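Architecture at a glance
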Amino acid sequence: MPKFRLALAAAMAASMLSGPVRAEDSFKIGSSVGLTGYAAVVDRAWRDGMAVAAEALNEKGGILGRKIEIITEDNRSQPQDAVVGYRKMLSSDEVQIFDSGCVSAGNFAAAAFVMRAELPMYLCSILPKREEEQAWAFSFLPPPRFEVEPRYQYLKDKTDVRKVGLLYDPTPYALLMKGLAEELAANFGIEVVAQESYKADDADMSVQIGRINAAGAGAVIKIGQGGSTVTAAKNIRQLGLDKMILMSSNDDGSIFRQAGEVLGDRFLFVSPPVQLPKELKPGPRKEAVDAFLKYWSAKYPDRDAANGARAWDSMMVMAKAAEVANSVEGEAMRDATEKVPSHQGAYATYNFSKEHHVGITENPFLIGKFAGGELVLAQ
Amino acid sequence: MIPWRTLLPIAAAIVLTGIGLLSGSYAVTVLGFAFIYTIFCTGLNFFMGYTGQASFGQSAFAAIGGYGSAILCADYGWGPLPALIVTMVISGIAALLVGYPTLRLRGHYLAMATFALGLIVYEISIEWTSLTQGYMGYSGVPPLSLLGYELGTVEQQLVALLVLALFGIFISNRLRQSRFGRALAAIAGSEAAARALGIDIARCKLIAFVIAALYASAAGSLFAHFVGFISPEVFGVTMVVQSFAMLYLGGIGTTWGPMIGAIIVSILPEALRGLQEMQDIAYTAILIFILIFAPRGLAGLSSLFARGKSRKLEEA
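All figures in this text were calculated on a predicted structure; none of them were measured in a lab. (Residues numbered from 1 in each chain as written. Chains lettered and ligands numbered in written order. Predicted model: local features only at pLDDT ≥ 70, side-chain atom pairs only at ≥ 80, totals over all residues.)

Residues and elements named next belong to chain A. Pairing is mixed in the open sheet, where seven strands are placed in the order E7-E6-E8-E9-E10-E13-E14. Only two strands of the sheet have a single neighbouring strand rather than two, namely strand E7 (191-197) and strand E14 (374-377). Neighbour to neighbour, the strand axes of the sheet diverge by 30 degrees on average, direction disregarded. Bridging between strand E8 (residues 219-223) and strand E9 (residues 245-248) involves three bridges; their strand directions are parallel. The residue of E9 that forms the bridge with isoleucine 221 is methionine 247. Along the sheet face, helix H7 (residues 172-184) touches strand E6 (163-168), E7 and E8 and points at about 145 degrees away from the line of E8. Against the sheet, helix H10 (residues 253-263) contacts E9, strand E10 (267-271), strand E13 (366-371) and E14, and its axis sits at roughly 60 degrees relative to E13. (Pairing = 2+ DSSP bridges. Helix = DSSP H or I, 4+ residues; strand = E, 2+ residues; numbered from the N terminus. Axes fitted to C-alpha atoms, helices over the stretch in contact; angles between N-to-C directions. Contact = placed C-beta atoms within 7 Å.)

See below:
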């Protein structure tokens, strides 16, 4: 027993005392991602998108001649774990920039001390709330209104539905989107007649959908990601609502396929062009998508590309920022990110500036549907 | 003279803190969380270990402490210390109001009722967005300060957390050795026998529940000041599971068990980080291994020394 205790104590002391490993010729990027927990689907794609981007950039000599090294820490979709991971990457790994996943609370919790360390944060999530923290953060998430407007436009142009119900989860991004959905509806001649919330792990939403139907809605505007979209589709069918349309937020293609198999034409979703590559016409956008898919599809032939594409884009913007700054130092990278010229990415076009730390300023979204075994543009 | 069994854990905690301070902010953060959980688990130990009752709802009082401190400091400009004390009072009153009817239940029923309490407060922290800001969370919570001096660095805060954790254990130990503490031990042993001795069982249980809530509230407040941000996820089921792991691993019903458990459960995953996706498997395997070979918790191992010593004396 004393030997066991000694070994345990030695292991702990070694882990506490282990110093940072220096590699002057590499460019270290830290990434806090929720590889387990509610953000796992999106954040695993984010991690893998970063990895293929690093591979592509390293083939061309890395960033300013330095090989890219990505340090990934699983935050388990929990802010406390994110804080520990960020601290580790800051003090032990000595990363030079962060490019983190979609766990907003984790990124918010770390934003204050990352700002004090004067390192930029590229984020899959929304920006932290405090202005001084926003100065160091750059979001690659589309503004929530971009996911609302195409859905309303579609309903206005292509259907007779003028009354909708909002079905939303209480995550920060979904709440922002829900607020905008209420606000923007009138601009499209649409009335929001019901608002129902759900939790990401709810196994049944028939009560909420029943209420939306009872309020006279012809479409459910689903705000939130994950398997709940499939649950909503199944509930619509189980309730026998054979005219109800379900319009989903942007999500992983596998979710769209499952929900599409349940509702057919009545399931529509918000989609970036990279999810519908066959619909792309020759031009810079197609070139950007093809450049990404060359690496992504070779490694992950059966996986949806949307979230990986955003991570890829974040790395490409980072490489451009380093070129502009001619440095990888924190403050220089922050300032240079604001000066990167308009960048056509695989997911969207990014226009960062001093005023815009949310890079997607042009709406990239189309409305898609599942037909003939694949995701296609809804005509 | 202070016995070595008391001095050794104090010295070990100080040495560990020293190592942490020399190792950088990563180790400091891990230890900071460990000491916050020490306070939380010391309170839980009071109710579960000393009194023999079950509570899955202490995270509710941590949430009251955390959100109370965040709101009072970030929105109303209160100092961290007054905010911490006021939220402890609020948590104590809440525990009194909730505990009075709930503690009439026993065993699994009490466990389920307290679990429901935790879930209710968790849901409130998500849904009452005008107060808690829901999943957006509260940011800009100032660091701890003492007598007007702000503990601006995590290193300074770690030292403060160590002192507070040791103070919490000291208070808990003093209460345990008091007449009230002995009454709790009697209740834990047999409620019928305790009643026969003239102990007011309902009153003692209620006081123990309130004390545990005060500790949980303080831990919640300290979390908010240490991180500078809180959101509902912090006070979810994970907190309950983690605190139970700490309590049972360290040794439920022992003085130093909560601290030992909190430190091990906080440090172990970090020591296993290199295993990446295998980290959780290795971590839980080690926890199971420890619980098999030290079913009374790591703090209970000290009794092996005592037994070994007495055996040697007998042989001599």
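Now for helix H1 (residues 4-23) of chain B. Residue and element names in this part refer to chain B. When the terminal C-alpha atoms of H1 are compared, their 28 Å separation across 20 residues agrees well with the 28 Å that a helix rising 1.5 Å per residue should span. Within H1 the residues assigned to the buried category are Pro9, Ala13, Leu16, Thr17, Gly20 and Ser23. The arc that holds the buried residues of H1, viewed along the axis, is 130 degrees, so those residues lie on one side. Relative to its buried face, H1 has exposed residues pointing more than 90 degrees away, namely Trp4, Leu7, Leu8, Ala11, Val15, Gly18 and Leu22. Glycine 24 sits one or two residues past H1 and shows a positive phi near 110 degrees. (Expected span 1.5 Å × (residues − 1). Buried ≥ 20, exposed ≤ 12 C-beta atoms within 10 Å, placed from the backbone. Arc of directions from axis to C-beta.)

This part takes up helix H12 (residues 257-271) of chain B. The α-helix advances 3.6 residues per turn, and as a result positions three or four apart in sequence lie on the same side. With 15 residues, H12 of chain B extends 20 Å from end C-alpha to end C-alpha; this agrees with the ideal 21 Å at 1.5 Å per step. Taken across its 15 residues, H12 of chain B has 14 buried, putting it largely inside the fold.

Residue and element names in this part refer to chain A. Unusually for a residue other than glycine, leucine 64 sits at a positive phi of about 50 degrees. Counting through the fold element by element, leucine 64 comes out in the loop between helix H2 (40-59) and strand E2 (67-74). Despite not being glycine, serine 77 shows a phi value in the positive range, around 60 degrees. Topologically, serine 77 is positioned in the loop between E2 and helix H3 (79-91).

It is worth spelling out the confidence of the model for chain B at this point. Model confidence for chain B is summarised by a mean pLDDT of 90, while 95% of its residues fall at 70 or above. Predicted complex metrics record ipTM = 0.83 and pTM = 0.86. (pLDDT = per-residue confidence, 0-100.)

It is worth spelling out the environment of threonine 361 of chain A at this point. With respect to the element layout, threonine 361 of chain A can be found in the loop between strand E12 (349-350) and E13. Residues in contact with threonine 361 of chain A, not counting those within four places in the same chain, are Asn351 and His356 of chain A.

Moving on, we come to the packing of H3 of chain A against helix H2 (residues 25-50) of chain B. At a minimum axis separation of 7 Å, H3 of chain A and H2 of chain B run at an interaxial angle of 155 degrees. For the element pair H3 of chain A / H2 of chain B, the angle class is roughly antiparallel. Residues Gln80, Val83, Val84, Arg87, Lys88, Leu90 and Ser91 of chain A of H3 of chain A lie in contact with H2 of chain B, whose contacting residues are Ser25, Tyr26, Thr29, Val30 and Phe33 of chain B. Of the residues contributing to the contact of H3 of chain A with H2 of chain B, the split by class is six nonpolar, four polar and two charged. (Parallel < 35°, antiparallel > 145°, perpendicular 65-115°, else oblique. Nonpolar A, V, L, I, M, F, W, Y, C, P; charged D, E, K, R; others polar.)

Another point: the packing of H2 of chain A against helix H12 (residues 306-325) of chain A. Packed helices, taken two at a time, are described by their axes: the angle between them and the distance between them. All names here are of chain A. Two elements in contact, H2 and H12, have axes separated by 7 Å at closest approach and are oriented at 40 degrees. When the axes of H2 and H12 are compared, the pair comes out oblique. Crossing hand, H2 versus H12: right-handed. On H12, the residues that touch Val42, Ala45, Trp46, Asp48, Gly49, Met50, Val52, Ala53, Ala54 and Leu57 of H2 are Asn307, Gly308, Ala309, Arg310, Ala311, Trp312, Met315, Met316 and Ala319. Looking at the contact of H2 with H12 residue by residue, the class counts come to 14 nonpolar, three polar and two charged. (Left-handed = near helix turned anticlockwise from the far one by under 90°.)

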